[in-house]
Amino acid sequence: MTSRTAPTPRPLQVIVVAAHPDEPEEYAGGLAAAYAEAGHHVKFLTLTNGSAGHATLGAAELVARRAREAHLAAERLGVAEYEIYDDVDDGSLVPTLDLRMRVIRSVRRWRADVVVGFHPDGGGHPDNRAAGRILADALHFTELNNVLPAVPTLSAAPLYLLMPDYATTHVHRHDIAVDLAPVLERKLRGCDAHASQFYEFSSHGQDRTVPPADDWAGRRAYLLEHWRPWFEASEDMRDALAVRYGKKQAAQVMYAESFQLAPGRRVFTPDELAALLPPVAA
């Protein structure tokens, strides 16, 4: 009798779309690291070059530096590709047809199974809101042959997850939560790579002492203290954590990220969701 083995599932293709370099790491760095550690392929895409995000550096110098920081963060997180729309200045992002087409092209070329982006509505940074709207609009067309016919369409609608930024926590629904414990150091190191943002820009004009670059213990503590909302598991995540990890483990989770299933998209069964999310460690 000939024995048969089940085919090995192919790696998932995951893309995180944000407005500025450092935001994929801040809001979805743990999720990205979990995918990467499981052998899946992750891409970060930012729709601006981050040219405004510093109190003292000029725009050209800052853009070059943030690109270097982004690629260092990708190495630390295991992210396979980091694309920055370097011709779009920080603070000037608006939902145009050209940018919609560029995002359709990026998502299709990555052959995305999972797409993560900002909420398209809500307050906060106008670039973030615009990035969410551009992505939401683009995803309506990723499977339609007559839109951008030169780039092959996706064969099925990807799983579309929304990540909260600092201004959308009040509208965000905790549908899926990821325990960061197995990947916490990776997320911390990914954020640490963006020194211009997590240490310099954020502390300008504030009474904060930033530990030196060679003091990782101090910088680790600094990130967990001053960027606490993007690491710490909040009580309103517990139900979602319990679904993935069980009530006992969920009650003990200290650090987590939360994502909302985007409304109006394909409905995924629990088994389909399980296949499209990072595996739960035994």
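See above for the structure.
On a predicted model such as this, the values are computed, not experimentally measured, just so you know.

Peer 1: Which parts of the structure should I look at to understand the packing of aromatic side chains?
Peer 2: Here the distance between the centres and the angle between the planes together describe a pair of aromatic rings. Here the structure, examined in full by the defined rule, presents five aromatic pairs. Between Y27 and F118 the ring centres are 5.6 Å apart and the planes differ by 70°, which places this aromatic pair in the edge-to-face class. With Y27 in helix α1 (residues 23-37) and F118 in strand β4 (residues 114-118), the pair connects residues that are 91 residues apart, well separated along the chain. Residue classification places Y27 among the buried positions, given a relative accessible area of 6%.

Peer 1: Can you walk me through the nonpolar core in this structure?
Peer 2: Nonpolar side chains tend to gather and get buried jointly when the protein is soluble and globular. The biggest cluster of nonpolar side chains holds 85 residues, and the ones touching the most others in it are L47, L93, V107, M163 and L241. No other element matches the seven residues that α1 contributes to this core. Excluding residues that lie within four positions of it along the chain, M163 makes contacts with V16, V17, A18, Y27, A28, V116, G117, F118, H119, H172 and F259.

Peer 1: Teacher, can you tell me more about the pairing of strand β5 (residues 159-163) here?
Peer 2: In summary, the side chains of a regular strand alternate between the two faces of the sheet. Across the five residues of β5, five count as buried, placing the element largely inside the fold. Because side chains alternate across β5, one face comprises the buried residues L159, L161 and M163, and the other comprises Y160 and L162, equally buried. Direction of pairing for β4 relative to β5: parallel, over a ladder of five bridges. Considered in β5, the bridge of V116 is made with L161. Between β4 and its parallel partner β5, the chain crosses via helix α4 (residues 126-138), and the hand of that crossover is right-handed.

Conventions and cut-offs
- Residues numbered from 1 in each chain as written.
- Predicted model: local features only at pLDDT ≥ 70, side-chain atom pairs only at ≥ 80, totals over all residues.
- Heavy atoms only, no water.
- Phe/Tyr/Trp six-rings, centres within 6.5 Å; stacked < 30°, edge-to-face > 60°.
- Helix = DSSP H or I, 4+ residues; strand = E, 2+ residues; numbered from the N terminus.
- Buried < 20%, exposed > 50% of the residue type's maximum accessible area, 1.4 Å probe, protein only.
- Core = buried A, V, L, I, M, F, W, Y, C linked by side-chain atoms within 4.5 Å.
- Contact = heavy atoms within 4.5 Å.
- Pairing = 2+ DSSP bridges.
- Right-handed = clockwise from strand over helix to strand, strands pointing away.

By themselves, these figures tell us nothing about what the structure is for.
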